[in-house]
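# Structural description and commentary
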Amino acid sequence: MNIIIVTGASSGMGRETVRQLDKIYTTGIDEFWLIARRRERLEELAATLDHKAHIIDCDLSEEASFEKIKLELEMIKPDVKMLVNASGYGITGDFTESDLNKQLGMIKVNCFALTYMTGIVLPYMPNGARIIQYASSAAFLPQIGFSVYAATKAYVLSFSESLNSELKDRKITVTSVCPGPVDTEFFGIAEENGSSDFAFKKFFMAEEDKVVKQALLDSYHRKPVSVYSLPMKAFRYLSMQVPEEIMLKAMEKIKEWD
Ligand SMILES: NC(=O)c1ccc[n+]([C@@H]2O[C@H](COP(=O)([O-])OP(=O)(O)OC[C@H]3O[C@@H](n4cnc5c(N)ncnc54)[C@H](OP(=O)(O)O)[C@@H]3O)[C@@H](O)[C@H]2O)c1
């Protein structure tokens, strides 16, 4: 059985990825596996798809969830043609003023879960399969007021770029998606303790369907990194050219003006 697995399928870019892939694959895929905590959201999505969907409602911050997914993989032994790791969240605010458990939770979902999923699914991926990892443009530089989140995404980008090289023999490509701000439920969760110090980011807000379309296209073309929009491409370029010390000083200034 040929399947596609998507985590974070209950909302935002994960859900949009499922919708677009459902239309793209008119043949060759038997089932989508949809993973997130909110079962009713996954059921709503499944009801709209042309493909069959298998729902796995679980909390990816809990290790037991991976045992459950691993068991399903062992029982069904599918060919996983594509894995999309889109689950994740961010919490804005200075580290010392934020809830430590939520900061640690970000490491669990954004890094630990993404790595665990990749590790248990890879044995079921045939040659030529594809992985899409949701990183962020926050991966390009340390971010004042978003420090743990940016660090988790730097991890995702670094891990995924190395993995992409390691998997060359199997012709499996790993594409890290690094968007700037996208209009999803993300900021409602990220700013639950008050609005971000970087309110200007909202000027760069992108639409989820466009970011996902670009990500799928870049994955199809087997690119290691997908960056949507000119301002974010420019940000990436700047972060590679300008010394980090200067970029951080500039960010401190912007934070003072905001
Ligand atoms: N929106 C942005 O501005 C932006 C920019 C760059 C990168 N990103 C990254 O893109 C990815 C998708 O974000 P989004 O914007 O689509 O956000 P979103 O609408 O908030 O979706 C996040 C998804 O992650 C799932 N999730 C969160 N915690 C989970 C947990 N403990 N266990 C299982 N699933 C969990 C949520 O499902 P449940 O709540 O149902 O569990 C939801 O489906 C994330 O990795 C995010 O960091 C977002």
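Scroll up to find the structure this text is about.
Overview of the structure. Keep in mind that what you see is a predicted model, and the values were worked out from it rather than measured.

### Some words on the site of the ligand
Taken together, the neighbourhood of the ligand is formed by 31 residues, with Ser10, Ser11, Arg37, Tyr149 and Thr184 sitting nearest. Contacts to the ligand include Gly88, whose backbone N or O atom sits 3.3 Å from an oxygen atom. Backbone polar atom of Val182 to an oxygen atom of the ligand: 2.7 Å apart, as the coordinates give it. In isolation the ligand offers 880 Å² of accessible surface; the protein chains occlude 97% of this area. Going through the elements one at a time, helix H1 (12-24), helix H5 (147-166) and helix H6 (186-190) are the ones with two or more residues in the shell around the ligand. With 3 residues, H6 is the single largest residue contributor to the shell around the ligand. Partitioning the shell around the ligand into residue classes produces 16 nonpolar, 10 polar and 5 charged.

### Some remarks on the packing of helix H3 (residues 63-76) against helix H4 (residues 100-121)
Their axes nearest at 10 Å, the elements H3 and H4 cross at an angle of 20°. By the criterion of interaxial angle, the relationship of H3 to H4 is roughly parallel. Here the hand of the crossing between H3 and H4 comes out right-handed. Residues Glu63, Phe66, Glu67, Ile69, Lys70 and Leu73 of H3 touch H4, and the partners they reach there are Phe112, Ala113, Tyr116, Met117, Ile120 and Val121. Of the residues that constitute the contact of H3 with H4, the class distribution is 9 nonpolar, no polar and 3 charged.

### Thoughts on the packing of aromatic side chains
The description of an aromatic ring pair uses the distance of the two centres, along with the angle that the planes make with each other. Counted by the stated rule, this structure contains 9 aromatic pairs. Each ring, one from Phe66 and one from Phe112, has its centre 6.2 Å from the other, and the planes form 85°; the classification is edge-to-face. Of the two residues, Phe66 sits in helix H3 while Phe112 sits in helix H4, which places them 46 residues apart along the sequence. Ring geometry for Phe112 against Tyr116: centres 5.5 Å apart, planes inclined by 85°, an arrangement best described as edge-to-face. You can see Phe112 and its partner Tyr116 sitting in helix H4, 4 residues apart, about one turn around the helix. A relative accessible area of 19% places Tyr116 in the buried class. In textbook terms, an aromatic cluster arises when at least three aromatic residues are bridged by ring pairs, as seen for Phe146, Tyr149, Phe186 and Phe187.

### Examining helix H2 (residues 39-48)
What H2 keeps buried is the set Leu42, Leu45 and Ala46. All buried residues of H2 project into a common sector of 100° when viewed along the axis, lining one side. Pointing more than 90 degrees away from the buried face of H2 are the exposed residues Glu44, Ala47 and Thr48. In the core, the buried residues of H2 are packed alongside H1, strand E2 (31-36) and strand E3 (52-57).

### Quick notes on H1
The end-to-end C-alpha distance of H1 is 18 Å, a good match for the 18 Å that 13 residues give at a rise of 1.5 Å each. Listing the buried residues of H1 in full gives Gly12, Met13, Gly14, Arg15, Glu16, Thr17, Val18, Gln20, Leu21 and Asp22. Turning to H1, the residues buried within the fold contact strand E1 (2-7), E2, H2, strand E4 (79-85), strand E5 (130-134) and helix H7 (208-220).

### Side note on unusual backbone geometry
Phi is positive for Lys77, which is not a glycine, with a value near 45°. Counting through the fold element by element, Lys77 comes out in the loop between H3 and E4.

### Topic: the sheet that holds E3
Consider a sheet: its strands pair through backbone hydrogen bonds, and that pairing is either parallel or antiparallel. Strands sit in the order E3-E2-E1-E4-E5-E6-E7 across an open sheet of 7 strands; the sheet is parallel. At either end of the open sheet lies a strand with only one pairing partner, and these are E3 and strand E7 (225-226). Looking at chain direction, E1 and E4 are connected through 6 bridges and run parallel. Looking at the pairing, Ile3 lines up with Val80 of E4. Against the sheet, H3 makes contact with E1, E2, E3 and E4, and its axis sits at roughly 145° relative to E3, the strand it touches most. Against the sheet, H4 touches E1, E2, E4 and E5, its axis set at about 175° to E4.

### Looking at the environment of Ile29
If you trace the backbone, Ile29 turns up in the loop between H1 and E2. Residue classification places Ile29 among the buried positions, given a relative accessible area of 8%. Between the C-alpha atom of Ile29 and that of Met1, which follows or precedes it by 28 residues, the distance is 7.9 Å.

Criteria and cut-off values
Residues numbered from 1 in each chain as written. Predicted model: local features only at pLDDT ≥ 70, side-chain atom pairs only at ≥ 80, totals over all residues. Heavy atoms only, no water. Near = heavy atom within 4 Å. Polar contact = N/O pair within 3.5 Å; in protein donor to acceptor, adjacent residues only side chain to side chain. Areas by Shrake-Rupley, 256 points an atom, 1.4 Å probe, with all protein chains shown as cover. Helix = DSSP H or I, 4+ residues; strand = E, 2+ residues; numbered from the N terminus. Nonpolar A, V, L, I, M, F, W, Y, C, P; charged D, E, K, R; others polar. Axes fitted to C-alpha atoms, helices over the stretch in contact; angles between N-to-C directions. Parallel < 35°, antiparallel > 145°, perpendicular 65-115°, else oblique. Left-handed = near helix turned anticlockwise from the far one by under 90°. Contact = heavy atoms within 4.5 Å. Phe/Tyr/Trp six-rings, centres within 6.5 Å; stacked < 30°, edge-to-face > 60°. Buried < 20%, exposed > 50% of the residue type's maximum accessible area, 1.4 Å probe, protein only. Arc of directions from axis to C-beta. Expected span 1.5 Å × (residues − 1). Pairing = 2+ DSSP bridges.

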